[in-house]
Amino acid sequence: MTDKSKKRTLKQDYKIISRALKLINTSTPHLLLHINIFTFCYSATYVASNYITAAIIDELVGNKSIKKLIILVSCYSLEILFRIIRDKSWRKVRSFHIIANKWEEMLLNEKNFSMDYKNMEDSRIKAMRQTITDSSGDTARFSGLVGRLVTFFNAFWRGILAFGVSLEMFFMHSDRILSGFQRFIDSPVATLFFFAVVAALTFFDYKANGKYSHLIADNMKKCSYSGRLLHYYLNDYLDDSKTGKDVRIFSQQKLVNYSSDIFYNEWKRHKNAWLNNEKKKGMWHNGFWVAMTALTYLYVAIKVYIGAFGLGSFVKYQWCVSKIASATFLFSMAVADLRANNDFLELFFEYLDIPSEMHYGTIPTEKRSDNKYDIEFHNVSFKYPNSDKYAIKNLSLKFKVGDRIAVVGMNGSGKTTMIKLLCRLYDPTEGYITLNGIDIQKYDYEDYLKLFSVVFQDFKLFSFSVGENIASSVDYDEDKVWSVLEKSGMLQRVQSMPKGLSSSVYKDFDEDGVEISGGEAQKLAIARALYKDAAFVILDEPTASLDPIAEHEIYSRFNDMVKDKTAVYISHRLSSCRFCDRILVFDNGQLIQDGSHENLLKNPYGKYSELWNAQAQYYSEKA
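Anyway, here's the lowdown on the structure attached to this text. (Residues numbered from 1 in each chain as written. Predicted model: local features only at pLDDT ≥ 70, side-chain atom pairs only at ≥ 80, totals over all residues. Heavy atoms only, no water.)

### Describing unusual backbone geometry
The criterion, for reference: In this text, helices come from DSSP runs of H or I with a minimum length of four residues, and strands from runs of E with a minimum of two, each type numbered from the N-terminal end.
A positive phi angle, near 50 degrees, is found at N436, a position not held by glycine. Tracing the backbone shows N436 in the loop between β4 (430–435) and β5 (438–439). Even without glycine at this site, N588 takes up a positive phi of about 55 degrees. Within the secondary structure layout, N588 lies in the loop between β9 (582–587) and β10 (590–595).

Right under this line is the structure:
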C-alpha cells in the first residue's frame, strides 16, 4: 500500500469519510449522532465532576457554607444522568463495531454477485479483493473509521468543554502588586503564549503521528500478505487430511518447513517494522505529552502562587488545561489516523466502484413451451481480459432446438470459452451471437440466463441440505427433487442418508452432515441442472471423477432426460459422446470439424480420428 494520503487533499479525505458514513448509515442509522452523544456525555461527565469538586474545595477553604456544600454535592447527580445517556449511545456504537467486519464481507459479496463475470476472473481484481481481505480487522476500514471518529470527537468535546471552563482564567488576575516575570504570567498575553506553545507542540505531534501512521498501515498490509501465505502452510495445507497423505508419501516435510520459514521470516520482519514504528510513534507522542503536562502544571501552579486564583481553582484549571492539551494531541492523532485509514477505505470503494461494461438489455426472452430457441454465433472471436491471444477465433455456429451436441478437443482448445460466451458470462471481442435472430445483448440479462442449466467442470455445492443444493432455494418441490435424483443416479444414496433431503452435504456447519465422494457430488450437480428445467442443458466435463462406464451411462440416460431440450456435452472421453447428433471439434480456438461420429471417422487424417484412435486402444476388447 502506497502512502496515498500524501496525495489526497483534506477535501478528498473528507469525501471518503462522508461516503463511508452514508454507507454505515444504511446498517446503523444515526451512528455519527450516537458517537457525538457518547463522546459529549463522556467528556461532560468528567468536566462536571471536576468543576463541582473544585467548587467544593473553594467552599471548604473559604466560606464553608453547609447549604451551598449540600447543593454542590447534589449536583453530582448530573454525572449519573450523563452516564446513562452515554452508555445508551455507546451500545449503538459498540454494536456496529462488532458487526463491522462481517458487514463489510456482505458488501463485498453483494458486489461479487452484481459485477461482470469477467472481473471475477481478472487477476488484478482478484488481487485487489485479497488485499482488502488481508487488511480486515478492528483497526482498518469501517471499524477503524468508527474507532478513530470516537477518538476524534472525544478530543473535540473534551477540548471544547475544558476550554469553556478555563476561559475565565483569562480574566482572573492577582490582587497583589506584582513585578517582572510574575506580572507577565498574570497577563492575558502569557495565557495566549501558553496556548500558542500548545498549538506548536500539537502540530509537531500531528506530523509525527501522520508519518508513523502511514508507515504502520503499509507494514500492516505487508504483514497481512506474508501472514496469509504462512497461514496457508501452517493451517490450510497441513490441516487438510488429504494433504497428509502427500506429505508422508513424498516426504514433503522439508519443503513445507523451508517455505514456512521463508514466509515466517518475512512476516516477522514486517511485524517487527510495524511494532518498531508503533514504538516510535508512541515515543514521540509521549514525549510531547510529558512536556505538555509539565508545562501545564508549571503554568497553573505559578498562577496560584501569585494569587490569581485559589486552591480549588488550581484543581479545576490544571485539569482543564491538561485536558485541552491532551485533546489537541488526541485530535491530531485522530486526524492522522483517519487519513491513514482512508488508504484502506479508498481501496474498498475502488472495488465497489468497478464499473459494469456489459450491456444489459431490456427485451424479455420469449417463453416457449416447445423450447424453440435457436442460437447462432456470427463470426465470433474472443480474447480474455489482459490477453493478446485469441481463445476463440472466427467461430460461426448454429444450435438448433433439440440438438444433441458433443464438443471435443484438447485442453485449451476453446471448448469451455465457447460455453461461457453462449451463456453470456463474457461478451465477444468481435462478432455477435443471436437468439432467434436477435442479438443476445439486447435481451434482459437475468431473463436470458434462465434459458441455461450448466454443470461446469469446477461446479460448487453448498454445505446446505441436499434439497436446497438441488433447488438452489430454501423452498423446493420434494417430488421433483426425488425425481431428478433418480435420473442422476443418486436416489438410493440420498434415501440412505439419516435425514434424507434434509441431510446436510459435508460437515462444515452440521456435525451430522454427510461427506460425499467426488462422483456423488457430480451426480448432485447434474440433478441440480435437471431441476432447473431450462431450455439448454450443458455438461462441461462434470463427470471427470467417474469411470468411463459410469460416465457413458449418465450421458446415455441424460439424452433421454433432456427430451426436447437442446443439450451440449463436453468430454475428453470421446466414447461417451457417440450418441450425439453432432460432434464439434475445436483446436487452438477454432472449430475445425463438425459432423456425426460416423462421418468424422471417415476422414482418417482429421483431428477427430486422431483423438478417437488415441483413446480407442484403451477400450478395445484386446486391451
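### As for the sheet that holds β4
So the rule is basically this: Two strands make a pair as long as DSSP finds a minimum of two bridges between them.
On the basis of which strands lie adjacent, the open sheet formed by 4 strands has the order β2-β1-β4-β5 and antiparallel pairing. On the outer flanks of this sheet lie β2 (390–399) and β5, each paired with one strand and no other. Summarising the sheet, strand β1 (residues 375–383) and β4 pair through 5 bridges and their orientation is antiparallel. Across the sheet, F377 pairs through a bridge with I433, a residue of β4.

### Points about the pattern of salt bridges
We count it as follows: By definition here, a salt bridge exists when the distance from a side-chain nitrogen of Lys or Arg to a carboxyl oxygen of Asp or Glu is within 4 Å. Buried means the residue's accessible area, taken with a 1.4 Å probe over protein chains only, is under 20% of the maximum for its type, while exposed means over 50%, and partly exposed covers the values in between.
Taken as a whole and judged by the stated rule, the model has 16 salt bridges. For R86, the salt bridge is made with D87, and the minimal N-O distance between the two is 3.4 Å. On the basis of relative accessibility, which here comes to 9%, the residue R86 falls in the buried class. Given a relative accessible area of 33%, D87 falls into the partly exposed group. For E104, the salt bridge identified is with R141, shortest N-O distance 2.7 Å. Remark: R141 occurs in helix α7 (residues 141–166) and E104 occurs in helix α4 (residues 77–114); sequence separation between them is 37 residues. An identical accessibility class is assigned to E104 and R141; each is buried. Through salt bridges that share partners, R8, D13, R339, D343 and E346 make up one connected network.

### Observations concerning helix α21 (residues 607–616)
Operational definition: Here a residue-residue contact requires only that any non-hydrogen atoms of the pair lie within 4.5 Å.
Every buried residue of α21 is accounted for by K607, Y608, S609, L611 and W612. Taken together, the buried residues of α21 touch β3 (404–409), β9, β10 and α20 (597–601).

### What about the pairing of β1?
Pairing of β1 with β2, which is carried by 6 bridges, proceeds in the antiparallel orientation. Residue E376 lies in a different strand from β2, and its bridge partner there is K398. What sits between the antiparallel neighbours β1 and β2 is a turn of 6 residues, in which N386 has the positive phi angle 65 degrees.

### With respect to the packing of aromatic side chains
Quick note on the threshold: Between 30 and 60 degrees the pair is tilted, below 30 it is stacked and above 60 it is edge-to-face, where a pair is any two Phe, Tyr or Trp rings, Trp via its six-membered ring, whose centres lie within 6.5 Å.
Considering all chains together, one arrives at 21 aromatic pairs under this definition. Relative to Y42, the ring of F38 has its centre 5.8 Å away and its plane inclined at 40 degrees; by these criteria the two rings are tilted. Note that F38 and Y42 are positioned in helix α2 (residues 31–61) at a spacing of 4 residues, about one turn of the helix. Judged by relative accessible area, Y42 falls into the partly exposed class, the value being 28%. Taking 5.8 Å as the distance between ring centres and 85 degrees as the angle between the ring planes, the aromatic pair formed by Y117 and Y426 counts as edge-to-face. Of this pair, Y117 sits in helix α5 (residues 117–120) while Y426 sits in the loop between α13 (415–422) and β4, and the two are 309 residues apart along the sequence. On the basis of relative accessibility, which here comes to 4%, the residue Y426 falls in the buried class.

### Details of the sheet that holds β9
Put simply, the rule is: Lines are fitted to the C-alpha atoms to define the axes, a helix being fitted only along its stretch in contact, and any angle between axes, read from their N-to-C directions, falls within 0 to 180 degrees.
Strand order in the open sheet formed by 6 strands is β6-β7-β8-β3-β9-β10, with mixed pairing between adjacent strands. Among the strands making up the open sheet, the edge pair consists of β6 (452–455) and β10. Adjacent strand axes in the sheet meet at a mean angle of 15 degrees when their direction is disregarded. In terms of strand pairing, strand β7 (residues 536–540) meets strand β8 (residues 566–570) through 5 bridges, oriented parallel. Among the inter-strand pairings, F536 is bridged to a residue of β8, identified as T566. Packed onto the sheet, α21 meets β3, β9 and β10 and runs at close to 95 degrees relative to β9.

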